[in-house]
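Take a look at the letters that make up each chain.
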Amino acid sequence: MPRESWTAWPAREALSQAGVPRRRQVLTWIVRAVLVGAFFASVVREDVLRGWEYAVVAAGFAVCGAAIWRCYTTTLDRRLRASVGLLAVPVAAGALAEGAGAHVAAAGLWCITAVVAVERLPLGPGLGLAAVPLTAYVLTTRGSWAGTAGTVAMVLLIGYSLRLDEEARGAGFRMLAQERAARRAEAETAALNERARIAREIHDVLAHSLSAQLVHLEAARLLVESGAEQDRVLERIVSARGMAREGLAETRQALSALRGEMTRPEEFLRDLAAAQGAGLRVTGEPRRLPAEAGLAVRRVAQEALTNVRKHAPGARVDMEFSYLEGEVELAVHDGGARGKNTELAGSGAGYGLLGMRERAELLGGSLEAGPVAEGREGFVVRLRVPA
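These numbers come from a predicted model, not from an experiment.

### Some details on the nonpolar core
For step 1, the next point in the chain: F61, L87, A117, L121 and V155 are the most contacted members of the largest nonpolar core, which has 32 residues in total.
For step 2, the next point in the chain: Going through the elements one at a time, α4 (52–76), α5 (80–99), α6 (103–120), α7 (123–140) and α8 (145–225) are the ones with two or more residues in this core.
For step 3, the next point in the chain: Examining the composition of this core, we find that 11 residues originate from one element, α6, more than from any other.
For step 4, the next point in the chain: The contacts of A117, once residues within four sequence positions are left out, are L87, G126, L129 and A130.
For step 5, the next point in the chain: Membership of the second largest hydrophobic core comes to 29 residues, among which are L269, V300, A360 and L367.

Pasting the structure below:
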């Protein structure tokens, strides 16, 4: 047995009544009352006390009961010296009772003290203290050695059984408390993740829409200051208004997605392809996707087409969306020649290659972006996410 097992106190949950059903507590008190009654009856049947001696014994029992009751509090506070001092009271009272010829009263007090010591004190000090009254019982008993040894073993077994029972209940109570703490932590983590998801969607939409509007409005301001023609200024304002409409539509889509009211990705891709003049091919058996997976497909498709407009304007774009087993795949391929800068991180997009890759990795997916196979022109963005 590890050394700590001899010096460690039982857990506070084991020593207290925490987690004990009300019915169990009532039953425990009934059993105690029955045992105390049987004890008093045995003392009376011994017939060694006379007159006022019964009053003295009753007062002594009351003092011993108060000491043991107080010991339950000091053991809960893990005060070893105070607990040992309190348990010394019934041991001394037993010695006085034995001196007065009340062997049953003495034996009862000594056995009760031994049980409480083994049950509630650290195992080493508890067994050491229990040895004192049990030794006194062995030396003063008038029964056979076999019966005496059986009584000592039974007392120690009762105390240790109560200790194990209380420690098992305390362990269960601690596990319950840990489970509740884990659930609270999971709820807090889920709330933080949800906040991060909402913040990411708002950032993506607003950064993409507002930055584009800012560019057009700044250009309009410069045109006005330089005295440019009204048509050129109006063109910039109309472009900014179009960006505002697109941003509002994307915001509504993001909010719908967060509420779980999002349409199927292929429907969004068809509208996007029609607006951008791109081709679209859908394969596999359509099914409902998680909101995060659907949003990832939408955002990557938008960003990929935005980068095509910036880096390969006028190029032919083909998109393929596939429902695979346990995941979905989106491939956006443009077949036009690109400039030297083939990195998808243009200004004003708000997402960029890094943002798309982070979105995919957060879902346990992947995103690849780069030139197509050798011998063919263009650039391909390929997204795979579990769904």
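### What about the pairing of strand β3 (residues 327–334)?
For step 1, the next point in the chain: The buried fraction of β3 amounts to 7 of the 8 residues, a majority that puts the element mostly inside the structure.
For step 2, the next point in the chain: Taken together, the 8 bridges between strand β2 (residues 317–324) and β3 define a ladder with antiparallel strand orientation. In the sheet register, F321 faces β3, and the bridge partner there is L330.
For step 3, the next point in the chain: Taken together, the 8 bridges between β3 and strand β5 (residues 379–386) define a ladder with antiparallel strand orientation. Note that in β5 the partner of H333 across the bridge is V380.

### A few points about the pairing of strand β1 (residues 279–283)
For step 1, the next point in the chain: Inspection of the sheet shows β1 paired to β2 by 5 bridges, in the parallel sense. Each residue of the ladder has a partner; that of R281, found in β2, is E320.
For step 2, the next point in the chain: Remark: the β1/helix α11 (residues 291–311)/β2 crossover connection has left-handed handedness.

### Some remarks on the sheet that holds β3
For step 1, the next point in the chain: Strand order across the open sheet formed by 5 strands is β1-β2-β3-β5-β4, with mixed pairing between neighbours. Each edge of the open sheet is held by one strand with a lone partner, namely β1 and β4 (366–371). Strand-to-strand twist in this sheet, taken as the mean axis angle between neighbours without regard to direction, amounts to 10°.
For step 2, the next point in the chain: Pairing geometry for β4 and β5, over 6 bridges, is antiparallel. From the neighbouring strand, L367 faces β5, where its bridge partner is L383.

### Concerning helix α10 (residues 265–276)
Residues that lie three or four places apart on an α-helix share one face, since the helix turns once every 3.6 residues.
For step 1, the next point in the chain: Helix length check: α10, at 12 residues, gives a terminal C-alpha distance of 16 Å against a target of 16 Å (1.5 Å per residue), a fit within 8%.
For step 2, the next point in the chain: Those residues of α10 that sit buried are P265, E266, F268, L269, L272 and A273. One face of α10 carries all of its buried residues, which in axial projection span an arc of 155°. Every exposed residue of α10 that faces more than 90 degrees away from the buried side is listed here: D271, A274 and A275.
For step 3, the next point in the chain: Two residues or fewer past α10, G277 is found with a positive phi of approximately 70°.

### Concerning the side chain of E329
For step 1, the next point in the chain: With respect to the helices and strands, the residue E329 is situated in strand β3.
For step 2, the next point in the chain: The buried category is assigned to E329, whose relative accessible area is 12%.
For step 3, the next point in the chain: A polar side-chain atom of E329 sits 2.6 Å from a polar atom in the side chain of R384.
For step 4, the next point in the chain: Excluding residues within four positions of it along the chain, E329 makes contact with E320, F321, S322, L324, R382, L383 and R384.

Parameters and conventions
- Residues numbered from 1 in each chain as written.
- Predicted model: local features only at pLDDT ≥ 70, side-chain atom pairs only at ≥ 80, totals over all residues.
- Heavy atoms only, no water.
- Core = buried A, V, L, I, M, F, W, Y, C linked by side-chain atoms within 4.5 Å.
- Buried < 20%, exposed > 50% of the residue type's maximum accessible area, 1.4 Å probe, protein only.
- Helix = DSSP H or I, 4+ residues; strand = E, 2+ residues; numbered from the N terminus.
- Contact = heavy atoms within 4.5 Å.
- Pairing = 2+ DSSP bridges.
- Right-handed = clockwise from strand over helix to strand, strands pointing away.
- Axes fitted to C-alpha atoms, helices over the stretch in contact; angles between N-to-C directions.
- Expected span 1.5 Å × (residues − 1).
- Arc of directions from axis to C-beta.
- Polar contact = N/O pair within 3.5 Å; in protein donor to acceptor, adjacent residues only side chain to side chain.

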